[in-house]
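Residue-level listing of the chains:
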Amino acid sequence: GPHSWLHVRPAGTAAAAAAGSSPAAGSRPATAPPANTTLPGDPDDPNQYPFWNVRRYRPLFNVDTKDVVWRVGSSFLGPLKPDFMAVTMASPDLYGPFWVATTLIFVTAVAGNYADFIAFKSEQKAAAAGGDAGSIHERQWYTDYAKMSFSALLFYGYVFVLGLALYFALRWFKSEIKLSNVWCIYGYSLTIFIPMAFVCIVPIGWVRWLVVGLATGACLCKRSRGRGSDSCNVTS
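Everything numeric here is computed off the predicted structure, so don't read it as measured data.

What counts as what
- Residues numbered from 1 in each chain as written.
- Predicted model: local features only at pLDDT ≥ 70, side-chain atom pairs only at ≥ 80, totals over all residues.
- Heavy atoms only, no water.
- Helix = DSSP H or I, 4+ residues; strand = E, 2+ residues; numbered from the N terminus.
- Contact = heavy atoms within 4.5 Å.
- Areas by Shrake-Rupley, 256 points an atom, 1.4 Å probe, with all protein chains shown as cover.
- Buried < 20%, exposed > 50% of the residue type's maximum accessible area, 1.4 Å probe, protein only.
- pLDDT = per-residue confidence, 0-100.

*Asks:* Help me understand the overall build of the chain, please; the structure alone is not making it clear to me.
*Replies:* A tally of helices and strands in the chain yields 9 helices and 0 strands. In the chain, the succession of α and β elements from N to C terminus is α-α-α-α-α-α-α-α-α. When contacts within the chain are restricted to residue pairs at least 6 apart in sequence, long-range pairs at least 24 apart make up 67% of them. Here the chain displays about 15500 Å² of accessible surface, and carbon together with sulfur accounts for 67% of that area.

Printed below as a string of structure tokens:
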């Protein structure tokens, strides 16, 4: 008829329809596990490696820039981002905490030396105004590299040593929290101190103490939320 062309199926349409109804070549079957999971005996399962093998800890560093930026920003906001704990407790990482602590080590060393330099220049001006010109030429300012070592002991010790002690204390009370969760929370909780270190360059004592107090309060708030979220996993 005049409309018989409507019923004519172009060549290859049936094959295309059949191909569309079947799984594409190389696709994962519907019953296959998600791509980010591993099965027992799987060569990619990190638990099959001994604790001294670095491949066992690959999941703790399996984060990209977007993940780390989100976690750093969320830890900085503190109580305003309650979903931070849910995310880090489910999938903790050590990449971000390590670099947060390392960045803070360099920042505090630089900021501390610069604050000492400002104080030194102020003393020079005061000595010049008082007519004590001789002491100005005799005194010199040197970079205190010991601040770097002290900062490393302080912040790495805070994250890893103190975190390890807290982990054993929680395990004593039958907590199911993992050591990686504790290190993750402790590491990201230091984020607030990075910008505060620059503010402490200001040569005003009460401003420095106020900034340190606010940063410490935010840090303790983040840690208490971490312990509070784990309290539900304490077995009797």
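*Asks:* What am I meant to see in the environment of Met85 here?
*Replies:* Following the sequence through the fold, Met85 ends up in helix 3 (residues 83-90). Looking at Met85, the relative accessible area reads 5%, which means it is buried. The sequence separation of Met85 and Ile185 amounts to 100 residues, and the corresponding C-alpha distance is 8.1 Å.

*Asks:* Would you take a moment to explain the confidence of the model for the chain for this structure?
*Replies:* Predicted coordinates in regions of low pLDDT should not be interpreted in detail. Across the chain, pLDDT averages 76, with 69% of residues at or above 70. The element-level mean pLDDT for the chain is lowest in helix 1 (residues 13-21), coming to 43, with helix 6 (residues 146-172) highest at 94. Counting interchain partners and residues more than four positions distant, the pLDDT-below-50 stretch residues 1-37 has 4 contacts. In the predicted structure, residues 229-236 sits below a pLDDT of 50 and forms 16 contacts with residues beyond four places in sequence or in another chain.

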